[in-house]
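The residues making up each chain are set out below.
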Amino acid sequence: INITNLEKVYRTDEVETIALNKLSIEIKKGEFVAVMGPSGCGKSTLLNILGLLDDPDAGSFVFNGTEIAKYNERQRAELRKHNIGFVFQSFNLIDELTVFENVELPLIYTGVKASERKQKVDEVLEKVQIMHRRNHYPQQLSGGQQQRVAVARAVVNNPKLILADEPTGNLDSSNGNEVMELLTNLNEQGTTIIMVTHSEHDARYSHRIIRMLDGQTVTENILI
Ligand code: ADP
Ligand code: ADP
């Protein structure tokens with residue numbers, strides 16, 4: 001990921017808010033990066049742009065060697081479905097679907113056939129150790145279990161990149177640590193991870209902390 005002089009301005013009737021102010025960052029394949037900074041500094045805006053859910057007003061965003069601005073809406077949707085997995089603070093599972101069905105959804109969207117779906121879903125449920133709950137509904141699970149299901153859903157398509165927005169924000173520390181271990185394992189298998197967090201503890205699982213302030217980076221620490 002190569003981001004150069006990225007700008008995002010929100011305009012409402014009276015006010016103009018500069019959310020990203022000539023932000024430049026580079027994230028290499030296989031990195032695990034934490035993005036930190038006070039509320040309002042532009043973290044969510046950055047994550048939305050990285051996830052191709054929103055467009056910058058100016059600047060360059062190169063993903064996998066291609067300038068994103070050159071893609072049309074359909075191509076972005078394809079890129080998103082196949083290459084990017086999302087994990088949210090509030091899990092965002094569908095309550096009416098079982099664990100298995102929730103995790104199966106991204107595979108249905110990408111047109112994977114039923115027999116292959118079953119195999120892939122079971123494989124990933126095994127990986128996040130939630131196989132024994134595969135026919136339960138989200139409300140029957142603890143927060144930690146729900147987030148493990150959400151991680152399974154994010155990775156079932158084998159994305160190159162996982163974007164996590166405060167993945168432990170609604171979890172106690174023991175469940176939070178389990179989710180962080182899971183992300184660490186995925187990263188060790190080659191998945192690039194970009195995680196927004198308010199937790200210095202969680203940030204220590206990453207390789208590098210990008211600290212933001214007022215829509216810019218202030219430091220990019222390399223951790224050992
Ligand atoms: P958003 O990224 O959607 O703008 P915020 O960054 O304001 O949301 O906050 C996300 C969550 O993190 C909220 O639950 C908020 O209470 C919590 N939070 C915000 N700032 C801090 C902080 N400095 N330390 C711990 N928790 C925080
Ligand atoms: P963070 O995630 O670090 O809390 P955000 O990216 O959510 O920061 O917000 C950055 C700035 O942009 C903040 O000042 C926020 O109030 C503003 N902002 C975010 N989304 C919108 C929006 N849809 N309309 C107007 N202003 C917004």
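What comes next concerns the included structure. Since the structure is predicted, the reported quantities are computational estimates derived from the model, not experimental observations.

## Examining the sheet that holds strand β4 (residues 58–63)
Strand pairing in a sheet is mediated by backbone hydrogen bonds. Such pairs are either parallel or antiparallel.
Logical step 1: Taken in spatial order, the 4 strands make up an open sheet running β2-β1-β4-β5, and their pairing is antiparallel. With partners counted over all chains shown, the strands left at the sheet margins are β2 (16–26) and β5 (66–67), one partner each.
Logical step 2: Pairing between β4 and β5: 2 bridges, direction antiparallel. Its bridge partner being in β5, Val62 is matched across the sheet by Glu67.

## Description of unusual backbone geometry
Logical step 1: Backbone geometry at Leu52 places phi at a positive 60°, although glycine is not the residue there.
Logical step 2: Along the chain, the position of Leu52 falls in the loop between α1 (43–50) and β4.
Logical step 3: Taking the relative accessible area as the measure of exposure, Leu52 reaches 5% and is therefore buried.
Logical step 4: Despite not being glycine, Glu166 has its phi angle at roughly 45°, a positive value.
Logical step 5: Secondary-structure assignment places Glu166 in the loop between β7 (161–165) and α6 (173–188).

## Overview of the environment of Asn21
Logical step 1: Mapped onto the elements, Asn21 comes out in strand β2.
Logical step 2: The class of Asn21 is partly exposed, set by a relative accessible area of 29%.
Logical step 3: Separated by 193 residues in the primary sequence, Asn21 and Asp214 place their C-alpha atoms 7.4 Å from one another.
Logical step 4: With near-sequence residues (within four places) excluded, Asn21 lies in contact with Leu6, Asp214, Gly215 and Gln216.

## Quick notes on the nonpolar core
Logical step 1: With 37 residues, the main nonpolar core has Val103, Leu125 and Met195 as its most contacted residues.
Logical step 2: Within the residue set of this core, elements represented by two or more residues are β3 (32–36), α3 (99–109), α4 (114–127), α5 (143–155), β7, α6 and β8 (192–196).
Logical step 3: Counting residues per element, this core draws most heavily on α5, at 6 residues.

What counts as what
- Residues numbered from 1 in each chain as written.
- Chains lettered and ligands numbered in written order.
- Predicted model: local features only at pLDDT ≥ 70, side-chain atom pairs only at ≥ 80, totals over all residues.
- Heavy atoms only, no water.
- Pairing = 2+ DSSP bridges.
- Helix = DSSP H or I, 4+ residues; strand = E, 2+ residues; numbered from the N terminus.
- Buried < 20%, exposed > 50% of the residue type's maximum accessible area, 1.4 Å probe, protein only.
- Contact = heavy atoms within 4.5 Å.
- Core = buried A, V, L, I, M, F, W, Y, C linked by side-chain atoms within 4.5 Å.

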